[in-house]
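Okay, here's what each chain looks like letter by letter:
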Amino acid sequence: MRVFFTLIPPSDIRQRLCLLMGGVERARWQSDAQLHLTVRYIGDVDGRVADMLVAETDRLPLSSIEARLDGMGQFSRGDHVQQLWAGVSPAEPLVRLHRQIERICVSAGLEPDGRKYVPHITLARLPRSAGSPAQFMEAHMGLTSAPFTFDRLVLMQSHLRDQGSLYVPVAEWEM
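As the structure is a computational prediction, the values presented were derived from the model and not from experiment.

Enquirer: When you look at the packing of aromatic side chains in this model, what are you seeing that I'm missing?
Expert: Here a ring pair, both rings aromatic, is described through the centre-centre distance and the interplanar angle of the planes. For the coordinates displayed, the defined rule picks out 5 aromatic pairs. A ring pair is formed by Phe4 and Tyr167, whose centres lie 5.2 Å apart and whose planes are at 75°; its orientation type is edge-to-face. Note that Phe4 is positioned in strand 1 (residues 2–7) and Tyr167 in strand 9 (residues 166–174), a separation of 163 residues in sequence. As far as burial versus exposure is concerned, Phe4 and Tyr167 are alike and both buried.

In structure tokens, the structure reads:
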């Protein structure tokens, strides 16, 4: 099973993000059901490892996290922009949660995630044939929102499909 830990933004924030989407030729925009903030991507694991992750997460002291949308960003490989995303701040409470989940993952036998953690909500994935996102980025660089609360952590299973990933909760924790 392909899994990741995530936080789901409230519906009004997801709706606001959906209204921004468009204007980049051939971009694969996320649907409302796909909008999330990844705390830790895990990838393919067997049921035993997933059960260990759930059991360890059950023991975590979790608290809700107040956040806000904060600008736009992109992930690139070489000169190719691969993803467009909305930033989320303040980063520190999200980084702290990421570290907690990282410790659980490593204790379950998973390799440490060596990438720098950047709290964000992916808006679009761009194939090489996509148009330039420069106008989109310029138009939305100043994105902000009123504070909102992440109040549940989810271990999500991802099913890859041609029309985009389908996400199914494996376990949820109130924060």
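Enquirer: Can you help me understand the environment of Leu160 in this one?
Expert: Within the secondary structure, Leu160 is located in the loop between strand 8 (152–159) and strand 9. For Leu160, a relative accessible area of 60% gives the class exposed. In this structure, the C-alpha to C-alpha distance between Leu160 and Arg2, residues 158 residues apart in sequence, is 9.0 Å.

Enquirer: Would you mind showing me how to read helix 2 (residues 47–58) here?
Expert: An α-helical turn contains 3.6 residues, so any two residues separated by three or four positions project in the same direction. Here helix 2 contains 12 residues, and its C-alpha end-to-end distance of 16 Å stays within 8% of the 16 Å for a straight helix at 1.5 Å per residue. Within the span of helix 2, buried status applies to Val49, Ala50, Leu53 and Thr57. In an axial view of helix 2, the angular spread of the buried residues amounts to 100°, which keeps them on one side of the axis. For helix 2, exposure combined with an orientation more than 90 degrees from the buried face picks out Arg48, Asp51 and Asp58. Against strand 1, strand 3 (37–44), helix 3 (91–107), strand 8 and strand 9 lie the buried residues of helix 2. Capping of helix 2 at its N-terminal end is provided by Asp46; its side-chain oxygen lies 3.1 Å from the backbone amide nitrogen of Arg48.

Enquirer: Hey, could you run me through the pairing of strand 1 in this one?
Expert: In regular strands, side chains alternate between the two faces of the sheet. For strand 1, the tally of buried residues reaches 5 of 6 residues, placing the bulk of the element in the interior. Where strand 1 and strand 3 come together, 6 bridges link them in antiparallel fashion. Paired with Val3 across the strands is Gly43, a residue of strand 3. Relative to strand 8, strand 1 is paired through 5 bridges, and the arrangement is antiparallel. Bridge pairing links Phe5 to Leu155 in strand 8.

Enquirer: What am I meant to see in the pattern of salt bridges here?
Expert: Should their charged atoms come close, side chains of opposite charge can pair. If you walk through the whole model with that rule in mind, you get 8 salt bridges. The salt bridge involving Arg26 is made with Glu25; its shortest N-O contact spans 2.5 Å. Arg26 gets classed as partly exposed once you look at its relative accessible area, which sits at 47%. Here Arg152 makes a salt bridge to Glu172, at a shortest N to O gap of 2.8 Å. Separated by 20 residues along the polypeptide, Arg152 in strand 8 and Glu172 in strand 9 bring together distant segments of the chain. Classification of Arg152 by relative accessible area gives partly exposed; the value is 31%. Classification of Glu172 as partly exposed rests on a relative accessible area of 43%. Overlapping salt bridges, with partners in common, bring together Glu92, Arg96 and Arg99 in one network.

Enquirer: Whenever I open this one, the nonpolar core confuses me. Can you help?
Expert: One recurring pattern in soluble globular proteins: nonpolar side chains tend to sit buried together. Phe5, Leu17 and Leu153 are the most contacted members of the largest nonpolar core, which has 51 residues in total. Membership of the second largest hydrophobic core comes to 5 residues, among which are Ile8, Val154, Met156 and Tyr167.

Thresholds applied
Residues numbered from 1 in each chain as written. Predicted model: local features only at pLDDT ≥ 70, side-chain atom pairs only at ≥ 80, totals over all residues. Heavy atoms only, no water. Phe/Tyr/Trp six-rings, centres within 6.5 Å; stacked < 30°, edge-to-face > 60°. Helix = DSSP H or I, 4+ residues; strand = E, 2+ residues; numbered from the N terminus. Buried < 20%, exposed > 50% of the residue type's maximum accessible area, 1.4 Å probe, protein only. Expected span 1.5 Å × (residues − 1). Arc of directions from axis to C-beta. Contact = heavy atoms within 4.5 Å. Polar contact = N/O pair within 3.5 Å; in protein donor to acceptor, adjacent residues only side chain to side chain. Pairing = 2+ DSSP bridges. Salt bridge = Lys/Arg side-chain N within 4 Å of Asp/Glu carboxyl O. Core = buried A, V, L, I, M, F, W, Y, C linked by side-chain atoms within 4.5 Å.

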